[in-house]
Amino acid sequence: MSRRVCIVCETNAHTNYYCTVDEAEYVRCGQCGLMYVNKPEHHEDLYKAYTGGFWKELRRKLMAPVRRFPQVSHFEDSMERARQIFEFSSSFVGEKSEEQADTGVYLDIGCNKGFLLATAADLGWNVYGEELVPELTAPFCKTYKQFKDQIYNGRFQDVRHHFRSNMFDLITAIDVIEHFEDPVADIAGVLEILKPGGVFVIQTPDAGCEQAKQLVEKWGALKPLEHLHLFDEGNLGTFVSKTGFVDYQVSEPFEDADGNFVAVMKKPL
Ligand SMILES: [Zn+2]
C-alpha cells in the first residue's frame, strides 16, 4: 500500500507501517519519527468526531444560548489551568513600552470554551479565538461581548483569512496541531499572522514518550479521526525551523495526559 509523504522529511522513502487503530493505519517515518494517519478520512467525517454525533450536538445547541461563561462546567479548575498556561506563554513575549504594556494582541487556536481568552482579556489583551464547534464559544461570547466578533468558528485553515499579516504578539494552540489536516499550510499560516518577534506556544502529544513506545497501538493519543500527525520534541523542531520559526525550545507539559510536550518558538525579528 502506498505511503503518504512525511511532512517533515518531504519523502516517504523511510515511512513504514506502524499500527492499526479503529481500522485506520498509522505509519511512522523511520528518519524523523513522525507518526501519522496514512489516509485521513474526508473532512466531513473527521468533523463528526468533534461534534460527538447528533444527540450530543443537539443537546449542546439547546443548552448553549442559556448558559453564561462562569456557569460552564469545571469553571474554576479550567480558569486556574488557563491562568498558568497564559502566564507561561505571555512571559516569552518581548518587552513593550509603557503605554503598550496592556495592548498585546492574542489568538488562541482551538480556543474551546475560551478560558485562555477570558484570562487574557481580563489582563487587558485584545483577544481573538478560533474554534471548530460553534456552541462551545457561545457562553464566552455572551459574557465578553466586546470580543464576540473576534471569535471565528471553523477550522484554522477556513478562518485564517480573517487575520492580517504581522497581527499577533502571541498565538497559542494547546492540544491542537495534532488535529491539523495540513500542518504545512497551517503552521506557515501561524507564522504569517504573527508579528516579527511574536511567540507561538503549542502543547501536543509526544510520539517519543515512554507511553507511546510501550503501548504502541494502545497509546491513548492514537485517535485516527482526530490526531492525524503525532510529533515528538525533535521532529517538531525540524518542521517549524523549515517553516521559518526561530528560538525553538521545549518545555514541561501543562498536563501530562497521554504524554505531552510543550514547545515555544518565535517569528524572526
Ligand atoms: Zn520524517
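Check the entry above for the structure.
Residues numbered from 1 in each chain as written. Predicted model: local features only at pLDDT ≥ 70, side-chain atom pairs only at ≥ 80, totals over all residues. Heavy atoms only, no water.

Moving on: the packing of helix H7 (residues 183-193) against helix H9 (residues 233-243). A pair of packed helices can be characterised by two numbers: the angle between their axes and the separation between those axes. Running from amino to carboxyl end, H7 crosses H9 at an angle of 60 degrees, the nearest separation of the two axes being 10 Å. The pairing of H7 with H9 is recorded here as oblique in orientation. In the packing of H7 onto H9, the handedness of the crossing is right-handed. For the pair formed by H7 and H9, the contact residues are Pro183, Val184, Ile187, Ala188 and Leu191 on the first element and Phe239, Val240 and Thr243 on the second. Its residues assigned to classes, the contact of H7 with H9 shows 7 nonpolar, 1 polar and no charged. (Axes fitted to C-alpha atoms, helices over the stretch in contact; angles between N-to-C directions. Helix = DSSP H or I, 4+ residues; strand = E, 2+ residues; numbered from the N terminus. Parallel < 35°, antiparallel > 145°, perpendicular 65-115°, else oblique. Left-handed = near helix turned anticlockwise from the far one by under 90°. Contact = heavy atoms within 4.5 Å. Nonpolar A, V, L, I, M, F, W, Y, C, P; charged D, E, K, R; others polar.)

Summarising the metal site, the zinc ion is bound by the protein donors Cys6 (SG), Cys9 (SG), Cys29 (SG) and Cys32 (SG), whose distances to it range over 2.3 Å. One can describe the donor arrangement at the zinc ion as tetrahedral, given that its 4 donor atoms subtend angles of 99 to 118 degrees at the metal. Read in sequence order, the donor residues coordinating the zinc ion give the pattern C-x2-C-x19-C-x2-C. Of this pair, cysteine 6 sits in the segment before strand E1 (15-21) while cysteine 32 sits in the loop between strand E2 (24-29) and strand E3 (35-37), and the two are 26 residues apart along the sequence. The exposure class assigned to cysteine 6 is buried, which follows from its relative accessible area of 0%. (Donors = N, O, S within 2.8 Å, 3.2 Å for Na, K, Ca; no water. Tetrahedral: all angles 85-135°; square planar, octahedral: opposite > 155°, others 65-115°. Buried < 20%, exposed > 50% of the residue type's maximum accessible area, 1.4 Å probe, protein only.)

With that out of the way, let us pick up the pairing of strand E7 (residues 168-174). A large share of E7 lies buried, amounting to 7 of its 7 residues. Examined bridge by bridge, strand E4 (residues 105-109) and E7 share 3 bridges and lie parallel to one another. Counted as the bridge partner of tyrosine 106 is leucine 170 from E7. Summarising the sheet, E7 and strand E8 (residues 194-205) pair through 6 bridges and their orientation is parallel. In the sheet register, isoleucine 171 faces E8, and the bridge partner there is phenylalanine 200. Chirality of the crossover, the property in question, places the unit of E7, H7 and E8 among those that are right-handed. (Pairing = 2+ DSSP bridges. Right-handed = clockwise from strand over helix to strand, strands pointing away.)

Glancing now at the sheet that holds E4. Ordered by their spatial adjacency, 7 strands build an open sheet running E6-E5-E4-E7-E8-E11-E10, and the pairing between neighbours is mixed. If you trace the sheet from one side to the other, it starts and ends with strand E6 (151-153) and strand E10 (246-251), each paired once. Going across the sheet, the axis of each strand differs from the next one's by a mean of 15 degrees, ignoring polarity. The pairing of E4 with strand E5 (residues 126-131) spans 5 bridges and is parallel. Note that in E5 the partner of leucine 107 across the bridge is tyrosine 128. Where H7 meets the sheet, it contacts E4, E7 and E8, and its direction lies at approximately 145 degrees from that of E8.

For the rest of this paragraph, the subject is the nonpolar core. Ranked by internal contacts, the top residues of the largest apolar core, which has 39 residues, are Phe163, Phe168 and Phe200. Those elements giving two or more residues to this core turn out to be E2, E4, helix H6 (156-159), E7, H7, E8, H9 and strand E11 (260-266). Looking at which element gives the most residues to this core, the answer is H7, with 4 residues. With residues near it in sequence (within four places) discarded, phenylalanine 200 still touches Ile171, Thr172, Ala173, Ile177, Ile187, Val190, Leu194, Phe245, Ala263, Val264 and Met265. The next biggest cluster of nonpolar side chains, apart from the first, holds 30 residues, and it includes Ile85, Val93, Leu116 and Leu170. (Core = buried A, V, L, I, M, F, W, Y, C linked by side-chain atoms within 4.5 Å.)

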